[in-house]
Amino acid sequence: MARVETKRGGGDTGLPDLALRGMTLGYLGWMVVLPIVALGYQALAAGPQAFLDAVLDPQAIHALKLTVVTALVMVVINVVMGTATAWVLVRYEFPGKRVMNALIDLPFAVPTVVTGLMLVLLYGPSSVLGTILGQYGFSVIYAQPGIVLALLFVSYPFAIRSVQPVLLELDRAEEEAAATMGASGWLTFWRVTLPTLVPAIITGAGLSFGRALGEFGSVILVAGNQPMKTKTTPLYVFGEIESGNKQGAMAVSLVLLALSLGVLIFLNLYQRRWSPEDGH
Amino acid sequence: MKTRVQILGFVTAMAISGLVAGCGSSSGPVASSGDVIKLGAYSVVREAFHDALIPAFQQHWKQKTGREVSFEESYNASGAQARAIASGFDADVAILSHSGDMNQLVQANRVAKDWDQNATHGIVTHSVVVIGHRDGNPKGIKDWSDLAKPGVGVLYPDPKTSGGARWNINAIYGSALLASKAASGGSPDLAAVGDLLKRVQANVVNMDASGRQSMASFSERGIGDAVVTYENEILLRKKEAKPIEYVVPEATLLIESPAAVVDSSVEKHKNREVATAFLAFLTSSEGQKLLADYGFRPVDPASPALAEFPKPAKLFTMADLGGWDEVQTAVYGPKGLWTSIFSDQGK
């Protein structure tokens, strides 16, 4: 993942340049930073005790755990399948490859609530698939596997689109060298190719994880929304807002926000370390 | 590649938020002259108001005053609607699921304290809490306790978001509470009441955000064996030729849904006269007849239309349970019976 570097040129101190920079900074502050500050301020306004009480509510803790665990399960599947998909797209030629490549971005264009509906129709207890799975004692919809499925759908492109460009630009000389030295295909992949892909895989994992933490639209339809069972943090926050518990909603939102922010900061630092341009 | 993906994601996000905003409030054509009423209602009454009561009142108003009246209608979950009005949505008439939500508007100084001082105590529709079941009642569901039997999949919405769910859970709570009180001749066995709530909750398959969605899960998506709901929701399905069989439990709760004029809004819009007239029309014999067509029980106990509805053996009201405030604390408060189902699981 190439980082965007600042292009230093002449004439960047003129009035129009300063105005443009001021405007974009102000825009960022107004659109992104201000709402976050407002939430943080309000959530902590009632004092640390009220904040802690809200966060340590057993239902809130369960919701946070469930959110993180389902997101992690999704990330593991997504990373393995996403890397494999990127590999196939880059290394093989086959009919339908262009269509496949185009389909991969489709989950971004589908409203998340439609995603939820599609999953209920496909796996719901009264669907053909749901009935068969039910006979073997598996429930998908209104249970935790449904949450993972929804998260997989909405974050499907992240891992693929992170790994694919790196694979495309990969210098294959090293792989060929390994092969001539007698390494098997699998050993070459494991020892030579994979290490160069790791930064891209971590980025894909981080992006999908961050996306999954806040997922609401699809999860509310498939999860079942039951406290201590299938209520993820965004659903919990929604319920608390709707039932008038503003403090609980704000405090838990702030924790969720901190988690997402943590992931983003980690990714940023990580990319900086791995970026060849400025990795000292 | 990353930028392209991110832009696509951003555009999608914008499109989705646009979509949501577009669905937020429905507004009819606004006449440039004549009276306008902004209606802030809960979602269950949509069909009855949009298709019947509003057209009938428009005719009635024209005959009476010669003036046209147009409506701007907004329908939302009762709690969400109450919060919207409390925080500034300038609806002239508020129609909500229960008085607990109306009290929010009184506290926010939107509705006068004496809103319930009229012939019907501020209530415009009655209904009862019932159990819808599959055709032929294969699971033999007759009463609340049947919902706690193993292997019965139950649906009711989330009481955090749905006023309907509060009516449903209050009905189960109330019937058990009153039965326990009657058995002991005084103080109820709260542990037994809590146990019934807990066993029913354990059978709940999915908690939708609203009562309407819960009905859709039951009938359109074929989920669950039983759905706890308003009687009028089931009767509306019958009217739409999608009937659902149902039972009225032996002891059930009378659903009393209120309406009131929002003072701050009618003062701003200078339309108190027409808003008050509309409110009065709802409880007039014509208004009540139209509501009965859509499955709502008349509020007047002497109404002949009441004969068309099955009569529960024991019908109790929120007042019998101590009123909204007391039940909110006893059931949904931090130490409430329903809340403790889950806090016990955390231990």
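Residues numbered from 1 in each chain as written. Chains lettered and ligands numbered in written order. Predicted model: local features only at pLDDT ≥ 70, side-chain atom pairs only at ≥ 80, totals over all residues. Heavy atoms only, no water.

Asker: What am I meant to see in unusual backbone geometry here?
Answerer: In most cases, non-glycine residues show a negative phi, while peptide bonds are predominantly trans. All names here are of chain B. Located in the positive-phi region is His121, a residue other than glycine, with phi close to 55 degrees. By secondary structure assignment, the location of His121 is in the loop between helix H4 (99–107) and strand S4 (123–133). One non-glycine residue, Asn137, lies in the positive phi region at around 50 degrees. Within the secondary structure, Asn137 sits in the loop between S4 and strand S5 (154–155). Given the relative accessible area of 18%, Asn137 is considered buried. (Helix = DSSP H or I, 4+ residues; strand = E, 2+ residues; numbered from the N terminus. Buried < 20%, exposed > 50% of the residue type's maximum accessible area, 1.4 Å probe, protein only.)

Asker: Hey, could you run me through the interface of chain A and chain B in this one?
Answerer: Each partner contributes to the interface: chain A provides 31 residues, whereas chain B provides 30 residues. For the pair chain A and chain B, the summed buried area comes to about 2,700 Å², and 59% of that belongs to carbon and sulfur atoms. Interface area lost by chain A to chain B is led by Phe108, Tyr142 and Glu242 of chain A, which between them contribute 21%. At the junction of chain A and chain B, the tally comes to three salt bridges. The salt bridge partner of Asp158 of chain B is Lys231 of chain A, with a shortest N-O separation of 2.8 Å. (Contact = heavy atoms within 4.5 Å. Buried area = accessible area lost by both parts, 1.4 Å probe. Salt bridge = Lys/Arg side-chain N within 4 Å of Asp/Glu carboxyl O.)

Asker: When you look at the side chain of Ser99 of chain B in this model, what are you seeing that I'm missing?
Answerer: Summarising the element assignment, Ser99 of chain B is placed in helix H4. Beyond its immediate sequence surroundings of up to four residues, Ser99 of chain B is in contact with Trp115, Ile123, Pro258 and Trp324 of chain B.

Asker: Please explain the domain arrangement of chain B as it appears in this structure.
Answerer: Reports of interface size often rely on the accessible area that becomes lost once the parts have come together. Residues and elements named next belong to chain B. Assigned domains of chain B: these are domain 1 (31–125 + 257–293) and domain 2 (127–254 + 308–344). Taking the mean C-alpha position of each, domain 1 and domain 2 sit 28 Å from one another. Taken together, the contacts link 13 residues of domain 1 with 15 residues of domain 2. Interface of domain 1 and domain 2: buried area, both sides summed, is about 1,100 Å²; carbon and sulfur atoms make up 54% of it. (Domains from an automatic or database assignment.)

Asker: Would you take a moment to explain the packing of aromatic side chains for this structure?
Answerer: Any aromatic ring pair is given by two values, namely how distant the centres are and how the planes are angled relative to each other. Following the criterion strictly, the structure yields 15 aromatic pairs over all chains and no others. With a centroid separation of 5.2 Å and an interplanar angle of 70 degrees, the aromatic rings of Phe216 of chain A and Phe238 of chain A are classed as edge-to-face. Pair noted here: Phe216 of chain A is in the loop between helix H11 (185–213) and helix H12 (217–222) and Phe238 of chain A is in helix H13 (residues 233–242), with a separation of 22 residues, a long-range link. Centre to centre, the rings of Phe57 of chain B and Trp61 of chain B are 5.8 Å apart; their planes meet at 25 degrees, and the pair counts as stacked. Separated by four residues within a single helix, Phe57 of chain B and Trp61 of chain B lie in helix H2 (residues 46–65), roughly one turn from each other. Judged on exposure class, the residue Phe57 of chain B and its partner Trp61 of chain B are both buried. Members of the aromatic cluster, each reached through a chain of ring pairs, are Phe49, Phe57, Trp61, Phe71, Phe278 and Phe281 of chain B. Taking NZ or CZ as reference, Arg166 of chain B lies 4.3 Å from the ring centre of Tyr332 of chain B, over its face. (Phe/Tyr/Trp six-rings, centres within 6.5 Å; stacked < 30°, edge-to-face > 60°. Lys NZ or Arg CZ within 6 Å of the ring centre and 35° of its normal.)

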